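Residue strings, one per chain:
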Amino acid sequence: MRSRPALLAGLAAATLLAAGCGSSKDESEPPPPAPGSTTTATTETTGTSEGIDPLADAGTNVVVGKTTAKATALLERVAVGRHEGYDRVVFQFQGDGLPGYRVEYTDPPLKEDGSGKVVDVDGRAFVAVRMEPASGFDLNTGEGTLVYKGPKRLPGASVVKEVVRTGDFEAVLTWAIGLEEQVDFRVTTATSPSRLIVDFRNH
């Protein structure tokens, strides 16, 4: 009689041990969908918040472009704005094509074309934007019709402190951009309307 209860007890213990091992194994392996979901979410977050540089090709070297306009390009609008990662200065022209341009850092004092008069511009670093042939006046109308009717001085955004016209003389148009400090910039162009765009990294 003693051997039967002992045998039953041994079978019960073996059954429980086998069941316990099976349970432990299942809990140690995460459900199949979980790892994929976690990895996907992490990747998407990283891609959205990191690794995107809006001015990846920017620098501090001189940028030069040739004219695509058939005649003197007429400036009609200047705008300054702040965006995530950069400040933008836009020179907008009438019609198709843009003047030739040269965008570069320059040392003060900044002088007005023609008169040589010193022009004060807010900032500690300065970028000169020279556009040719270009003007804010249409000289084909005799006395010259004013095309650009905006201010000669525009307030900045963040790293851009001030944008000031420093010359409109003999089809050479120049503007100075005062910056809080020397930063990388990028020059691009756009059509419809014709625009020369200068972006400055604002950290």
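Quick look at the structure, then.

1. Observations concerning the sheet that holds strand S15 (residues 194-201)
Turning to step 1, where the next piece is worked out: Taken together, the five strands give an open sheet; going across it, the order is S8-S2-S3-S15-S14, and neighbouring strands pair in mixed fashion. Each edge of the open sheet carries a strand with a single partner, namely strand S8 (134-135) and strand S14 (185-190).
Turning to step 2, where the next piece is worked out: Relative to S15, S14 runs antiparallel, the two being bridged by six bridges. Note on S15: the bridge partner recorded for threonine 189 is leucine 196.

2. Considering the pattern of salt bridges
Turning to step 1, where the next piece is worked out: Under the definition given, this model contains seven salt bridges.
Turning to step 2, where the next piece is worked out: The residue arginine 130 makes a salt bridge to glutamate 132 at a minimum N-O spacing of 3.3 Å.
Turning to step 3, where the next piece is worked out: Take arginine 130: its relative accessible area is 36%, and that puts it in the partly exposed class.
Turning to step 4, where the next piece is worked out: Note that arginine 186 and aspartate 199 form a salt bridge whose closest N and O atoms lie 2.6 Å from each other. Pair noted here: arginine 186 is in strand S14 and aspartate 199 is in strand S15, with a separation of 13 residues, a long-range link. Each of the two residues, arginine 186 as well as aspartate 199, counts as buried.
Turning to step 5, where the next piece is worked out: Three or more residues joined by partner-sharing salt bridges are found here, namely Asp53, Asp184 and Arg201.

3. Regarding the pairing of strand S13 (residues 172-179)
Walk down a regular strand and you will see the side chains alternate between the two sheet faces.
Turning to step 1, where the next piece is worked out: The buried count for S13 comes to eight of eight residues, which makes it a mostly enclosed element.
Turning to step 2, where the next piece is worked out: The side-chain alternation of S13 yields two buried faces, one formed by Val172, Thr174, Ala176 and Gly178 and the other by Leu173, Trp175, Ile177 and Leu179.
Turning to step 3, where the next piece is worked out: Pairing of strand S7 (residues 125-132) with S13, which is carried by seven bridges, proceeds in the antiparallel orientation. Its bridge partner being in S13, alanine 125 is matched across the sheet by leucine 179.

4. Looking at the nonpolar core
Turning to step 1, where the next piece is worked out: If you look at the biggest cluster of nonpolar residues, it comprises 31 residues, and the most contacted ones within it are Phe91, Met131, Trp175, Ile177, Leu179 and Phe200.
Turning to step 2, where the next piece is worked out: Where this core is concerned, the elements lending two or more residues are strand S2 (73-83), strand S3 (86-93), strand S4 (100-106), S7, strand S12 (160-169), S13, S14 and S15.
Turning to step 3, where the next piece is worked out: Listed in part, the six residues of the second largest apolar core include Leu110, Val119, Phe126 and Ala176.

Calculation rules
Residues numbered from 1 in each chain as written. Predicted model: local features only at pLDDT ≥ 70, side-chain atom pairs only at ≥ 80, totals over all residues. Heavy atoms only, no water. Pairing = 2+ DSSP bridges. Helix = DSSP H or I, 4+ residues; strand = E, 2+ residues; numbered from the N terminus. Salt bridge = Lys/Arg side-chain N within 4 Å of Asp/Glu carboxyl O. Buried < 20%, exposed > 50% of the residue type's maximum accessible area, 1.4 Å probe, protein only. Core = buried A, V, L, I, M, F, W, Y, C linked by side-chain atoms within 4.5 Å.

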